[in-house]
Each structure stands twice: as C-alpha cells, then as structure tokens.
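Inside the fold
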Amino acid sequence: VAPDEQGVTLAPGLVSANLWDQGELVAISDLPPGLRIAIAIPVDASLLDQGAAFECRFWDQAAGRWSGEGVEVDTSAVSAGGGYITCESSHLTDFVAVYRAFE
C-alpha cells in the first residue's frame, strides 16, 4: 500500500497465481476485453460482516508497489460466510486484498 493512501490497510494473506508448463513460467497478461481470471483471496470474515470496502491489488514489479490497475473486485462473488473476496484480473501475478477503514 502506498504511504499516501490514508485509511487503507493491507489484509493478511497473499495469493500468488502463475502458470507453469514443463518447468517454464508461462506469461499470462493483457487478456482481451471480456476475458478475465478470477482469484479468490481470503479475508477476515468479520471485516466483511462489518461492511469493509475491499479492493484488489497486484504487485507491480516495475513500480515497486501494490497497484489496483487492471484488477477489480467481483462484487457478486464476495462471501462473508466463507471469508473471501474474488478479484478479477487480465494477468497472473501476486495478489492481495486491501480495505478501507470503517466510516
């Protein structure tokens, strides 16, 4: 999380999504519009129950920070009971959830 993002907290839990073919990393990026990858990220169910506003982020190696560019929360697939949110992305990498402080 960038230092200038007041009230944003990195949720515990990291999901690393990569595709390998015979020991070689296969780059998955810039999928065409309408084609997205869904990644379930575990979060504290009590935060969901309290109405925390979650966002999805990925590790942007070039920028050296967590970025939300190109990733979205699938609001139809948020599970308070199961304690996870579903992020949609056009690429594979390391993903986390962040949440904003309660208002």
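Since we're looking at a predicted model, the values are computed, not measured.

**So, the overall build of the chain**
A tally of helices and strands in the chain yields one helix and 10 strands. Ordered by position from N to C terminus, the α and β elements of the chain give β-β-β-β-β-α-β-β-β-β-β. Relative to its 103 residues, the chain shows a buried fraction of 33%. The long-range share in the chain, meaning contacts at least 24 apart out of those at least 6 apart in sequence, stands at 73%.

**Regarding the side chain of histidine 91**
Along the polypeptide, histidine 91 turns up in the loop between strand S9 (84–89) and strand S10 (94–100). Histidine 91 sits in the buried class, given a relative accessible area of 12%. Not counting chain neighbours up to four residues away, the residues in contact with histidine 91 comprise Ile28, Ser29, Asp30, Ile37, Phe58 and Val71.

**With respect to the state of the cysteines**
Tallied over the entire structure, the rule returns one disulfide. In this model cysteine 56 forms its disulfide with cysteine 87; the gap between the sulfur atoms is 1.9 Å. A torsion of -85° about the S-S bond marks the disulfide between cysteine 56 and cysteine 87 as left-handed. Here cysteine 87 lies in strand S9 and cysteine 56 lies in strand S6 (residues 53–60), a separation of 31 residues in the sequence. Judged by relative accessible area, which is 3%, cysteine 56 ranks as buried. Classification of cysteine 87 as buried rests on a relative accessible area of 0%.

**A closer look at the packing of aromatic side chains**
Under the counting rule described, the total for this entry stands at two aromatic pairs. Where phenylalanine 54 meets tyrosine 99, the ring centres are 5.5 Å apart and the plane angle is 50°; that geometry is what we call tilted. Of this pair, phenylalanine 54 sits in strand S6 while tyrosine 99 sits in strand S10, placing them 45 residues apart in sequence. Judged by centre distance (5.2 Å) and plane angle (75°), the rings of tryptophan 59 and tryptophan 66 are edge-to-face. Residue classification places tryptophan 59 among the partly exposed positions, given a relative accessible area of 28%. A relative accessible area of 14% means that tryptophan 66 is categorised as buried.

**Structural notes on the pairing of S10**
The buried fraction of S10 amounts to five of the seven residues, a majority that puts the element mostly inside the structure. Here strand S2 (residues 15–16) pairs with S10 via two bridges, running antiparallel. The residue of S10 that forms the bridge with serine 16 is aspartate 94. Sheet analysis places S6 next to S10, joined by six bridges and oriented antiparallel. Its bridge partner lying in S10, phenylalanine 58 is registered against phenylalanine 95.

Here is what the cut-offs are and how they apply
Here the residue index of a chain counts from 1 through its sequence in written order. Totals for whole chains, interfaces and linings use all residues, but because this is a predicted model, local features are given only for residues with pLDDT of at least 70 and pairs of side-chain atoms are given and counted only at 80 or more. For the side-chain quantities, the full set of heavy atoms in the structure was used; hydrogens and water were omitted. Secondary structure follows DSSP: runs of H or I at least 4 residues long count as helices, runs of E at least 2 residues long count as strands, and numbering of each begins at the N terminus. The rule is simple: take the accessible area with a 1.4 Å probe, protein chains only, and divide by the maximum for that residue type; under 20% is buried, over 50% is exposed, in between is partly exposed. Should any heavy atoms of two residues lie within 4.5 Å, those residues are counted as being in contact. We call a pair of cysteine sulfur atoms a disulfide when they lie within 2.5 Å. Stacked, tilted and edge-to-face pairs are distinguished by plane angle, under 30 degrees for stacked and over 60 for edge-to-face with tilted covering the rest, among Phe, Tyr and Trp rings (Trp via its six-membered ring) whose centres lie within 6.5 Å. Strands were regarded as paired on the criterion that DSSP finds at least two bridges between them.

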